[in-house]
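Fold and contact review
Chain residues, written in single-letter form:
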Amino acid sequence: MKQRQITDKTRLVGVIGWPVDDSLNPAMHNAAFTEIGLDWAYIPLPVQPQQLDQALKGLVALNFVGVNVVAPHQQAVMRYMDELSDAARITGAVNTIHIQDRKFYGYNTDAAGFLNAMQEVGYDLQGLRVAVLGAGGAARAAIFSLASARAERITVFNRTSERAAFLVDDLTEAFPASRLSFEPLNSETLAALPGKVDMVINTTSVGMHPQSATCPWPADVPIPPDTIFYDLVYNPLDTLFLQRARVAGIRTIDGLGMLVYQGAFAFKEWTGRPAPVEVMRQVCVQELELHLGL
Ligand code: ATR
């Protein structure tokens, strides 16, 4: 790829997190800028939690257009935002900041990314009965989208019940018409799913590199027939969870679409231009094959 010249005119965006070295966002966005000929640069910015306040002020001083926000800052940045999108407010997490006239606008593009990835593979969420494994930040983004798109029923399965209870309370308040409930994540509760669910989504980190030999679906529980298994984990793309579902003959969706579309929505928000999604997708696949746990 041709080296782009960075000058004082170059518009700056980046990612703040601690650490940020595993983020695919820099490669994805820089390739997108090159592809459509924008004089922009995307910079990884490791920011320790105790430096968050100074770092955000620094972004304004240095004329950054915006940043992505990764762990552990997605909740901590909320109080600095002048405005929040519905998805950011309801999920309680910001993954994209747009700075305009020294004001911070906070978004959660994971939620829109999840929805777009589902629509891309041809699934209409309306009327679906969904089991969500996990109750962390990724689960909140997915459930926000599922409830917005009027899924028929959403059941959250989590190891820690208190966390699932908080999630269900928060999201039920935001979507009173949604049918949201929670169960413990174990073999008995999951064994009761056949016939009651159309899709199972893994939002936990189980199966992610370097623990790619683990699976959030217990080995002693058969895969429910006539369901779709969707894994938000993208490193590796072909998780044990998806492999087991394929062996059982059901359809699967991997985490690449959500990864790419959360980036595409951030790109559109900052630049005002549609993102070159296919280039971003190719770069993610290349990076995953080259550098991460594949
Ligand atoms: P993210 O923002 O990526 O969702 P997170 O907020 O740390 O990350 O949430 C991680 C999710 O994976 C949680 O639902 C967590 O369950 P707990 O709430 O019980 O901690 C789940 N998780 C992580 N490791 C797990 C494991 N070994 N078994 C079951 N669930 C696990």
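Heads up: these notes are all about the structure in this document. Small disclaimer: the values here were computed from a predicted structure and weren't measured. (Residues numbered from 1 in each chain as written. Predicted model: local features only at pLDDT ≥ 70, side-chain atom pairs only at ≥ 80, totals over all residues. Heavy atoms only, no water.)

On inspection of all chains with the given rule, the structure shows nine salt bridges. Here aspartate 170 and arginine 140 are joined by a salt bridge, their closest N and O atoms 3.0 Å apart. In this pair, aspartate 170 sits in helix H6 (residues 161-174) while arginine 140 sits in helix H5 (residues 137-148), placing the two residues 30 residues apart along the sequence. Ionic pairing is found between glutamate 152 and arginine 179, a salt bridge with its closest N-O pair at 2.7 Å. Of the two residues, glutamate 152 sits in the loop between H5 and strand S8 (153-158) while arginine 179 sits in the loop between H6 and strand S9 (180-184), which places them 27 residues apart along the sequence. Overall, the relative accessible area of 36% leaves glutamate 152 in the partly exposed class. Judged by relative accessible area, which is 39%, arginine 179 ranks as partly exposed. One connected set of salt bridges, linked through shared partners, spans Glu120, Glu278 and Arg281. (Salt bridge = Lys/Arg side-chain N within 4 Å of Asp/Glu carboxyl O. Helix = DSSP H or I, 4+ residues; strand = E, 2+ residues; numbered from the N terminus. Buried < 20%, exposed > 50% of the residue type's maximum accessible area, 1.4 Å probe, protein only.)

What follows is about the environment of asparagine 95. On the secondary structure map, asparagine 95 appears in the loop between helix H3 (86-91) and strand S5 (96-100). Discounting residues that sit within four places of it in the chain, asparagine 95 has contacts with Val67, Asn68, Val69, Tyr107, Asn108, Thr109, Asp110 and Gln262. Of the polar contacts made by the side chain of asparagine 95, one reaches the side chain of aspartate 110; its length is 3.4 Å. (Contact = heavy atoms within 4.5 Å. Polar contact = N/O pair within 3.5 Å; in protein donor to acceptor, adjacent residues only side chain to side chain.)

The environment of the ligand is formed by Gly134, Ala135, Gly136, Gly137, Ala138, Asn158, Arg159, Thr160, Arg163, Thr204, Ser205 and Val206. A distance of 2.9 Å separates an oxygen atom of the ligand from a polar side-chain atom of arginine 159. Arginine 163 has a polar side-chain atom sitting 2.9 Å from an oxygen atom of the ligand. For the ligand, whose accessible area on its own is 650 Å², the fraction buried by protein is 65%. The class makeup of the residues in the shell around the ligand is three nonpolar, seven polar and two charged. (Near = heavy atom within 4 Å. Areas by Shrake-Rupley, 256 points an atom, 1.4 Å probe, with all protein chains shown as cover. Nonpolar A, V, L, I, M, F, W, Y, C, P; charged D, E, K, R; others polar.)

The six strands are arranged S2-S1-S3-S5-S6-S4 in an open sheet whose pairing can be described as mixed. Two strands in the sheet have a free side with no partner beyond their single neighbour: strand S2 (40-46) and strand S4 (83-84). Relative to S2, strand S1 (residues 11-17) runs parallel, the two sharing seven bridges. Note that in S2 the partner of arginine 11 across the bridge is tryptophan 40. (Pairing = 2+ DSSP bridges.)

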